[in-house]
Amino acid sequence: MYSTLLFLHSIVRWLVLLSLFYSLVRAYKGHFRKLPFSKTDNSVRHWTATIAHIQLMVGIVLYSQSPIIKYFWNNFAQASKDINTLFFGLIHFVLMLIAIIVITIGSAAAKRKTVDEDKFKTMLIWFSIALLIIFIAIPWPFSPLANRPYFR
């Protein structure tokens, strides 16, 4: 089960990144070209948040099954000294949770705006902040904190 969850979490990560990029491109174009906020834009906003929430659920289940996390919480004092274990035990989880909260707030705020330009601007700001946090929290192969392959 653990390896399946890990694979699923790795694949959905790319869907989250792609949907965020696509949302940001649409929000950028819409804001600066003063385009109307279409049903497609609203769907992109909605599905970006939905995919992020799916990733969060998979991540929470993975977190509860991970041997690294079990070791981290059972040996907190010792495990906290290892940056790799600390990254997965705390840093990754907290930053990704914050990123999902930022996406959720941005999506809800954009949905409630009445002016199309404000909808795009809200998406652009909140989703950009979330993407930055996600880039920091992903264990990229080149990351000094913890590195993993692009696909697992």
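It should be noted that the structure appears before, not after, this text.
Residues numbered from 1 in each chain as written. Predicted model: local features only at pLDDT ≥ 70, side-chain atom pairs only at ≥ 80, totals over all residues. Heavy atoms only, no water.

**What to know about the overall build of the protein**
Argument step 1. Across its full length, the protein holds six helices and zero strands.
Argument step 2. Seen through its C-alpha atoms, the protein measures out along the principal axes to roughly 55 × 30 × 25 Å.
Argument step 3. Put simply, the protein has 152 residues, and 42% of those count as buried.
Argument step 4. Residue pairs at least 24 apart in sequence account for 72% of intrachain contacts in the protein once pairs closer than 6 positions are excluded.
Argument step 5. Taken as a whole, the protein presents about 8600 Å² of accessible surface, with 71% of it coming from carbon and sulfur. (Helix = DSSP H or I, 4+ residues; strand = E, 2+ residues; numbered from the N terminus. Buried < 20%, exposed > 50% of the residue type's maximum accessible area, 1.4 Å probe, protein only. Contact = heavy atoms within 4.5 Å. Areas by Shrake-Rupley, 256 points an atom, 1.4 Å probe, with all protein chains shown as cover.)

**Here we look at the side chain of Arg-45**
Argument step 1. Here Arg-45 is to be found in helix H2 (residues 39-65).
Argument step 2. It is Asp-41 that comes nearest to the buried, bridge-free Arg-45 among opposite-charge side chains, at 9.8 Å.
Argument step 3. The residues contacting Arg-45, other than those within four sequence positions of it, are Ser-107, Ala-110, Lys-111, Met-123 and Phe-127. (Lys, Arg positive; Asp, Glu negative; His and termini not counted. Salt bridge = Lys/Arg side-chain N within 4 Å of Asp/Glu carboxyl O.)

**Some points on the pattern of salt bridges**
Any two side chains of opposite charge can pair, so long as their charged atoms come close to each other.
Argument step 1. Enumeration according to the criterion identifies two salt bridges in this entry.
Argument step 2. We note a salt bridge from Arg-26 to Asp-41, for which the minimum N-O separation is 2.6 Å. Of this pair, Arg-26 sits in helix H1 (residues 2-32) while Asp-41 is found in helix H2, placing the two residues 15 residues apart along the sequence.
Argument step 3. Across the pair Lys-34 and Glu-117 runs a salt bridge whose closest N-O atoms are separated by 3.3 Å. Here Lys-34 is found in the loop between H1 and H2, whereas its partner Glu-117 is found in helix H6 (residues 116-137), with 83 residues between them in sequence.
Argument step 4. Judged by its relative accessible area of 58%, Lys-34 is exposed.
Argument step 5. For Glu-117, a relative accessible area of 29% translates into the label partly exposed.

**Considerations on the environment of Ala-52**
Argument step 1. Tracing the backbone shows Ala-52 in helix H2.
Argument step 2. If sequence neighbours within four positions are ignored, Ala-52 has contacts with Val-16, Ile-100 and Ile-103.

**Here's the deal with the packing of H1 against H2**
Argument step 1. Packing of H1 against H2 brings their axes to within 9 Å, and their N-to-C directions diverge by 155 degrees. Relative to H2, the element H1 is oriented roughly antiparallel. Our pair here, H1 against H2, has a crossing hand that is left-handed.
Argument step 2. For the contact of H1 with H2, the residue count by class is 15 nonpolar, eight polar and three charged. (Axes fitted to C-alpha atoms, helices over the stretch in contact; angles between N-to-C directions. Parallel < 35°, antiparallel > 145°, perpendicular 65-115°, else oblique. Left-handed = near helix turned anticlockwise from the far one by under 90°. Nonpolar A, V, L, I, M, F, W, Y, C, P; charged D, E, K, R; others polar.)

**A look at the packing of aromatic side chains**
Argument step 1. Within this structure, the stated rule accounts for eleven aromatic pairs.
Argument step 2. Centre to centre, the rings of Trp-73 and Phe-76 are 5.6 Å apart; their planes meet at 15 degrees, and the pair counts as stacked.
Argument step 3. Exposure remark for Trp-73: the relative accessible area of 46% places this residue in the partly exposed category.
Argument step 4. By relative accessible area, which is 39% here, Phe-76 ends up partly exposed.
Argument step 5. Among the aromatic side chains, those forming a connected cluster through ring pairs are Trp-14, Phe-21, Phe-135, Trp-140 and Phe-142.
Argument step 6. Seen from the ring of Trp-140, Arg-13 lies directly overhead, with NZ or CZ sitting 5.9 Å from the centre. (Phe/Tyr/Trp six-rings, centres within 6.5 Å; stacked < 30°, edge-to-face > 60°. Lys NZ or Arg CZ within 6 Å of the ring centre and 35° of its normal.)

Without other data, these values stay purely geometric and don't point to any function.
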